[in-house]
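Here is what each chain is made of, one letter per residue.
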Amino acid sequence: TQNCAYFEQDGALVLLDCPMSAFHALRRHGIPQKHIFVLVTHTHSDHVGGIPMLIHFARYIADAMVTVVAPSAEVAEDLRYLIERLDGCDPTAYAVITADALHAAWFVGAVPVRHIPALAGRCFGYRLCVNGTDVLYTGDAAELEPFLPYLHNGVYLYTEIANFDSGVHMYIDTVLPELRRLTAEGVHIYLMHLDDEPAIAEKMKGVGIDFAPLFSENAGL
């Protein structure tokens, strides 16, 4: 879906957030990997709502382990409340760790971002190295600036974009000049979390920026 993503590396399945839509896709497709990592950007329900169900499914159906990676200690506590207190997941089926405790070849670090005031200090994007390729994933963010130091020729940027100026998502009319510049400098840009696909597609004509490809049931994981 447009508000989460995945990749496979070193025998593990890595999810960037897990809404219920992602859980249902995994449930239908099946999970061959025995270790699943979920990197959480922030705790809005359309980003973490599927995590408890994924843990239940991994424990009782797929015989897999889930490691939930929180970008900070504060977010980790929020996730433990969701998973332990509200959903009562089997503690042997998962672990909640912070990003600074994650040691994986594909993980570089978390990037603090501004999203909504109520979650100030608890929203992040991620820097990754996916099969040797530098990737930046914004999650939900109101501005591109936190990622600019890491963007250079050859980097892949998966960024949210919005046609509605809400103040909590990246407004296309504000960030488009910067996206044009980055594209010209060799950054590969894909758009996600779209609020008005036709309007955004119209404004992106001729820019060389594509929508992030969606999961295909036929293509598989």
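Our subject is the structure that appears above.
Reading the values: the criteria
- Residues numbered from 1 in each chain as written.
- Predicted model: local features only at pLDDT ≥ 70, side-chain atom pairs only at ≥ 80, totals over all residues.
- Heavy atoms only, no water.
- Pairing = 2+ DSSP bridges.
- Helix = DSSP H or I, 4+ residues; strand = E, 2+ residues; numbered from the N terminus.
- Axes fitted to C-alpha atoms, helices over the stretch in contact; angles between N-to-C directions.
- Buried < 20%, exposed > 50% of the residue type's maximum accessible area, 1.4 Å probe, protein only.
- Contact = heavy atoms within 4.5 Å.
- Phe/Tyr/Trp six-rings, centres within 6.5 Å; stacked < 30°, edge-to-face > 60°.
- Salt bridge = Lys/Arg side-chain N within 4 Å of Asp/Glu carboxyl O.

Here we look at the sheet that holds strand 2 (residues 12–16)
Then comes step 1: Taken in spatial order, the five strands line up as 1-2-3-4-5 in an open sheet, and their pairing is mixed. Looking along the sheet, the strands with just one partner apiece sit at the ends: strand 1 (5–9) and strand 5 (94–98). Between one strand axis and the next, the sheet turns by 20° as a mean value, whatever way the strands run.
Then comes step 2: The pairing of strand 1 with strand 2 spans five bridges and is classified as antiparallel.

Describing the environment of Leu194
Then comes step 1: Residue position: Leu194 is located in the loop between strand 10 (188–192) and helix 6 (197–203).
Then comes step 2: Its relative accessible area of 12% is what places Leu194 among the buried residues.
Then comes step 3: Residues Leu194 and His169, spaced 25 residues apart in sequence, show a C-alpha to C-alpha distance of 9.9 Å.
Then comes step 4: Setting aside residues no more than four positions away along its own chain, Leu194 makes contact with Gln2, Ile161, Ile200 and Phe211.

Notes on unusual backbone geometry
Then comes step 1: Even without being a glycine, Asp17 presents a positive backbone phi close to 70°.
Then comes step 2: Along the chain, Asp17 turns up in the loop between strand 2 and helix 1 (20–29).
Then comes step 3: In this structure, Asp63 is a non-glycine residue whose phi angle is positive, near 55°.
Then comes step 4: Counting through the fold element by element, Asp63 comes out in the loop between helix 3 (51–62) and strand 4 (65–70).
Then comes step 5: Overall, Asp63 belongs to the exposed group, its relative accessible area being 59%.

Points about the packing of aromatic side chains
Then comes step 1: Tallied over the full model, the rule gives seven aromatic pairs.
Then comes step 2: Arranged with centres 6.4 Å apart and planes meeting at 85°, the rings of Trp106 and Phe107 form a pair that is edge-to-face. Of the two residues examined, Trp106 and Phe107, each falls in the buried class.
Then comes step 3: Ring-pair connections join several aromatic residues into one group, and the members of that group are Phe7, Phe37, Trp106, Phe107 and Tyr126.

A word on the pattern of salt bridges
Then comes step 1: Taken as a whole and assessed by the stated rule, the structure comprises nine salt bridges.
Then comes step 2: One salt bridge in this structure joins Asp90 and Arg59, with 3.0 Å as the shortest N-O distance. Taken together, the residues span a long stretch of sequence, with Asp90 in the loop between helix 4 (73–86) and strand 5 and Arg59 in helix 3 at a distance of 31 residues.
Then comes step 3: Under the relative-accessibility criterion, Asp90 is labelled buried at 19%.

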